[in-house]
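# Tertiary structure, described
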Amino acid sequence: MVDFFLDYTQKNSCGECVPCRIGSKRMQEIVKKISNGSVSEEEISILNELSEVIGASSKCDLGKMAGKAVKFTLQYCKDDIDAHRNGGCGYSVPANPGWKAIVLK
Amino acid sequence: MANITCTIDGQRVSVPEGTTILNAAKQVGVKIPTLCYLEHVGLRHVKHEVGECRVCVVEVEGKKDFVTSCNTPVEENMIIHTHTPKIIAARKLNLEMMLSDHHLDCPTCPKNGICELQKLCAELNVRQIRPQGEKKELPIDDSSPSIIRDPNKCILCQRCITACRVLQTVDALELYGNGYDAVVRPKGGLPLIETQCVACGQCALVCPTGAILEKDDTGTVWKALADPKKHVVVQTAPSTHVTIGEAFGLPVGTDITGKMVAALKRLGFNAVFDTNWSADLTIMEEGYELIHRIKNGGVLPQFTSCSPGWIKFCEEFYPDLLPHISSCKSPQQMFGPIAKTYYAEKKGINPEDIFVVSIMPCTAKKYEAARPEMNAAATYWNNPNITRDVDVVLTSRELIRMIREAGIDFANLPDEPYDPLMGEGTGAAQIFGATGGVMEAALRTAYEVITGKTLPKLDFEDVRGMKEIKEASVNMNGLTVKVLVAHSLGAARQLLDKVRAGELKDYHFIEIMACPGGCIGGGGQPIPTTVEERENRIKGIYERDKKLKIRKSHENPEIQAIYKEFLKEPLGHKSHQLLHTHYTPRGKSN
Ligand code: SF4
Ligand code: SF4
Ligand code: SF4
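Not measured: the values here are computed from a predicted model. (Residues numbered from 1 in each chain as written. Chains lettered and ligands numbered in written order. Predicted model: local features only at pLDDT ≥ 70, side-chain atom pairs only at ≥ 80, totals over all residues. Heavy atoms only, no water.)

### Re the overall build of chain A
Put simply, the rule is: A run of DSSP states H or I qualifies as a helix once it reaches four residues; a run of E qualifies as a strand once it reaches two. Both are numbered from the N-terminal end. Each residue gets one of three labels from its accessible area relative to the maximum for its type: buried under 20%, exposed over 50%, partly exposed in between, using a 1.4 Å probe on protein chains only. Every residue pair with non-hydrogen atoms within 4.5 Å of one another is taken to be in contact.
Helix and strand counts for chain A stand at six helices and zero strands. Buried residues in chain A amount to 48% of all 105 residues. Counting only contacts in chain A whose residues sit at least 6 apart along the sequence, the fraction spanning at least 24 positions is 53%.

Given below as structure tokens:
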């Protein structure tokens, strides 16, 4: 779902600011690696930083939301991500209870 | 206007309402880094503060997200922090993101050393590029003889778009596409040469990276200099006399004429001449043309024709006004055919062997020299082996690079004089380099030719300086000659619309320069070329005019000699053959 959202961001980003234009692309690349299980610890950490900075410094709400969505995902769906990294997701997205926490926030 | 008080990094500061955080911070000695922001694009009122790069972000207490300081005005009692760990990390990561999609070949990049992106990364201590991923591989656009675009180095700051659209009103560039695929490109994705681009190079002056620059022709000149068969002559444009020194640490506006001549001789040019000489020639032809038009009911007001960016602009957007433009070639293009005819004859050199190089402030001069009709010498001799009138045009920046390549210690060179025949230039020619200069030079000559009296005061202060549109009038034997001056194509457009509407019928002469400040602000001049630099260079121009012994074109002894020995009279047969031209209506918006 995050991948899908980043796709949406990329398609609709006006391309004017760096965090949204390039940052969301870089985030998406790492998220894709999470899905296929090839992500490294380092990449998760840079994804964390990217989401933080993109969420706070994008020009408009689209980029900010892209950053924040990834940030919350990293916070609340750690189990899901770990599952992916360990070679297989136990759930079909978006059944992870972590999402509830975001929705309730 | 009311004052606003805020706190920046613990310091209280009071600033007028509307002041940006960036400028308020300056007042308390805090420098917030910027990249895409540009205070003035060529002229003071053209601002560029799109907040694209997100490098100038700061934290404001009570606000969840960061704000960009370049375009956020301070509010009463705002508490601003400019360099918290979070902010510093964000700035660096934003730069890292930018670099993750950048062709980083700094050592071979033409912007190496003067690149703002490079400088900022050094300043902000960026040491790695952590986010990695797809890199764009876009084709380089070298379709124009003047400008090269390497979109792989573009950071999409859009400064070039502001220069082209707002300052010049040419609107040849656009931001296109979404997200990661967004690019800045010539309108419609066409090669630049197929757009209405006038080659003025104002985009190159403001580009913070190596994404837009002049086409480099230094290689061709090195080759010609090494060829023993070629007799390589060079001309130096008026504005270069006060700009080349900047690159070698001399104060902006320093008169380096003698040093430039010395440097050119050391580079191996066979003869070093001055475009000031042909500027004086231009005044003779253009002044007489004006007098002729006034006396014979010709098309008025007459427009000057020295600025090739302006010529292309008129051809593209105002083809109906082309008859107003003086038929005189620019000083550069008057020099070329004279070198290959008069000079060749006097020196007994086969014109086929003469290779003419120009040192110009201007990227559009490359385009001008490449125009197919600029081959008058070949026609004159009826010899197709003679190449075009001006073989290569180098911008100021390219000459600077050649001087560096040759290891010449420019700042410590002794002054050397130009060579005779086409080397003498007057103060009138010198001021061609600044906006209003061509007009002033023309008035100095026209007044004396029409009235037969000596001009009581040579300086026409009204047409000088950075005001966009200037005007003056002079009484000449009962006729009040009214003139206007515009610089930057946006300002030109304002005047042209009025001419088109028939509102400026009682004016006689209009000078138009494509670049803000005139040639001293040309698209090929040293970078940076800010408004302050333009002003200091203009000062340098008028100081040099004051210093010169002869300050009126018609008093130039070498100009008097060429009329006596070769051209016979202004607007004569040979003049028409070699020194005058015609224009081509172009453009799709008409
Ligand atoms: S544009 Fe600047 S940062 Fe990019 S390669 Fe050229 S010098 Fe380096
Ligand atoms: S050279 Fe001048 S006209 Fe052409 S794109 Fe650049 S600013 Fe626009
Ligand atoms: S070409 Fe240069 S000025 Fe234009 S958007 Fe790209 S980096 Fe900015």
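### With respect to the sheet that holds strand 16 (residues 479-487) of chain B
The strands that make up a sheet pair up through hydrogen bonds in the backbone, lying either parallel or antiparallel. All names here are of chain B. Convention followed: Only strands that DSSP links by at least two bridges are regarded as paired with each other. The axes used here are C-alpha line fits, helices contributing only the stretch in contact, and every angle between their N-to-C directions lies in the interval 0 to 180 degrees.
Strand order across the open sheet formed by four strands is 12-17-16-15, with mixed pairing between neighbours. Whereas interior strands pair on both sides, the edge strands pair on one side only; in this sheet they are strand 12 (302-303) and strand 15 (469-476). Note that strand 15 and strand 16 share eight bridges and pair antiparallel. When the sheet's bridge partners are listed, Asn-475 is paired in strand 16 with Thr-480. Across the sheet, helix 15 (residues 437-451) is in contact with strand 15, strand 16 and strand 17 (509-513); its angle to strand 15 comes to roughly 10 degrees.

### What about the interface of chain A and chain B?
Stated precisely, the cut-off is as follows: Each of two parts loses accessible area, computed with a 1.4 Å probe, when they are put together; buried area is these two losses added. Counted as salt bridges are all cases of a side-chain nitrogen of Lys or Arg within 4 Å of a carboxyl oxygen of Asp or Glu.
Contacts between the two partners involve 29 residues from chain A, matched on the other side by 31 residues from chain B. Of all residues in chain A, A:Val18, A:Arg21 and A:Arg26 give up the largest surface area on contact with chain B, accounting jointly for 23% of the area buried on that side. At the junction of chain A and chain B, the tally comes to five salt bridges. Close ionic contact of B:Asp65 with A:Lys64 constitutes a salt bridge, the shortest N to O distance being 3.5 Å.

### Considerations on the side chain of B:Thr209
Residue and element names in this part refer to chain B. Applicable threshold: Between N or O atoms, a polar contact is any pair within 3.5 Å; within protein, one atom must be a potential hydrogen donor and the other a potential acceptor, and residues adjacent in sequence are included only when both atoms are from side chains.
By the element assignment, Thr-209 lies in the loop between helix 5 (202-206) and strand 9 (212-214). By relative accessible area, which is 1% here, Thr-209 ends up buried. Separated by 2.9 Å, the side chain of Thr-209 and the backbone oxygen of Lys-153 make a polar contact. From its side chain, Thr-209 meets the backbone nitrogen of Ala-211 in a polar contact 3.2 Å long. The residues contacting Thr-209, other than those within four sequence positions of it, are Lys-111, Cys-115, Leu-117, Lys-153, Cys-154 and Ile-155.

### Focus on the confidence of the model for chain B
We apply this condition: Note on scores: pLDDT gives the predictor's confidence for each residue, bounded by 0 and 100.
In this model, chain B carries a mean pLDDT of 97, and residues with pLDDT of at least 70 account for 99%. For this predicted complex, the interface confidence score (ipTM) comes to 0.87, while the overall pTM stands at 0.95.

### Points about the nonpolar core
How we decide: Within this scheme, the nonpolar core is defined by two criteria: the residues are buried Ala, Val, Leu, Ile, Met, Phe, Trp, Tyr or Cys, and they are joined through side-chain atoms within 4.5 Å. A domain assignment, automatic or from a database, supplies the domain bounds used here.
If you look at the biggest cluster of nonpolar residues, it comprises 45 residues, and the most contacted ones within it are B:Trp310 and B:Phe313. For this core, the secondary-structure elements that each account for two or more residues are helix 4 (159-167), helix 5, helix 9 (308-317), strand 16, helix 16 (489-500) and strand 17 of chain B. No other element matches helix 16 of chain B, which puts six residues into this core. Counting contributing residues per domain, this core is built from domain 2 (97-215) and domain 3 (218-579) of chain B, each supplying no fewer than three. A:Ile46, A:Val70, A:Ile81 and B:Cys115 belong to the second-largest nonpolar core, a separate cluster that totals 42 residues.

### Remarks on empty space enclosed by the protein
A water-sized probe, rolled over the atoms, reveals where empty space remains. Residue and element names in this part refer to chain B. Test applied: Of the two site types, the cavity is a set of points on a 1 Å grid over the protein atoms alone where a 1.4 Å probe fits but cannot get out, and the pocket is an open set with protein on both sides within 12 Å along at least five of seven lines, each lined by residues with an atom within 4 Å of a point. Grid points are joined across faces, edges and corners, and a volume is the space filled by probe spheres set on the points. In this count, Pro and Cys sit with the nonpolar residues alongside Ala, Val, Leu, Ile, Met, Phe, Trp and Tyr, while Asp, Glu, Lys and Arg are called charged and the others, Gly among them, polar.
Within this structure, the stated rule accounts for six cavities of 30 Å³ or more. Taken as a whole, the largest cavity holds about 240 Å³ of empty space. Around the largest cavity, the lining comprises 24 residues; the ones closest to its centre are Cys-306, Pro-361, Lys-365, Met-513 and Cys-519. Looking at the lining of the largest cavity, the elements with two or more residues in it are helix 8 (275-296), helix 9, helix 10 (331-347) and helix 11 (364-369). A class-by-class count of the residues in the lining of the largest cavity yields 17 nonpolar, six polar and one charged.

### Remarks on unusual backbone geometry
Residue and element names in this part refer to chain B. The peptide bond linking Leu-300 to Pro-301 adopts the cis configuration, its omega dihedral lying at -10 degrees. Relative to the helices and strands, Pro-301 is located in the loop between helix 8 and strand 12. Omega for the bond connecting Ile-527 with Pro-528 falls within 30 degrees of zero, at 10 degrees, which places this linkage in the cis form. We note that Gln-158 has phi near 70 degrees; this positive angle belongs to a residue other than glycine. Summarising the element assignment, Gln-158 is placed in the loop between strand 6 (147-149) and helix 4. On the accessibility criterion, Gln-158 (10% relative accessible area) is buried. You will see that Asp-171, though not glycine, has its phi angle at about 60 degrees, which is positive. Position of Asp-171 among the secondary structure elements: in the loop between helix 4 and strand 7 (173-176).

### Some words on the site of ligand 1
As a reminder of what qualifies: When at least one non-hydrogen atom of a residue lies within 4 Å of a molecule or strand, that residue is treated as near it.
The environment of ligand 1 is made up of B:His102, B:His103, B:Asp105, B:Cys106, B:Cys109, B:Asn112, B:Cys115, B:Leu117, B:Gln118, B:Lys153, B:Thr209 and B:Gly210. When the residues that make up the shell around ligand 1 are grouped by side-chain class, the tally is four nonpolar, six polar and two charged.

### Structural notes on the domain arrangement of chain B
Residue and element names in this part refer to chain B. Here chain B is partitioned into domain 1 (3-83), domain 2 (97-215) and domain 3 (218-579). Spacing between the C-alpha centres of domain 1 and domain 3 amounts to 43 Å. Between domain 1 and domain 3 the total buried area reaches about 530 Å² when both faces are included, carbon and sulfur atoms providing 59% of it. Here domain 1 is connected to domain 3 by two salt bridges. A salt bridge links Glu-535 to Arg-44; the shortest N-O distance between them is 3.0 Å. Remark: the boundary between domain 1 and domain 3 carries two residue pairs in polar contact (both at pLDDT 80 or more). Tallied by class, residues from the side of domain 1 that touches domain 3 come to one nonpolar, three polar and one charged.

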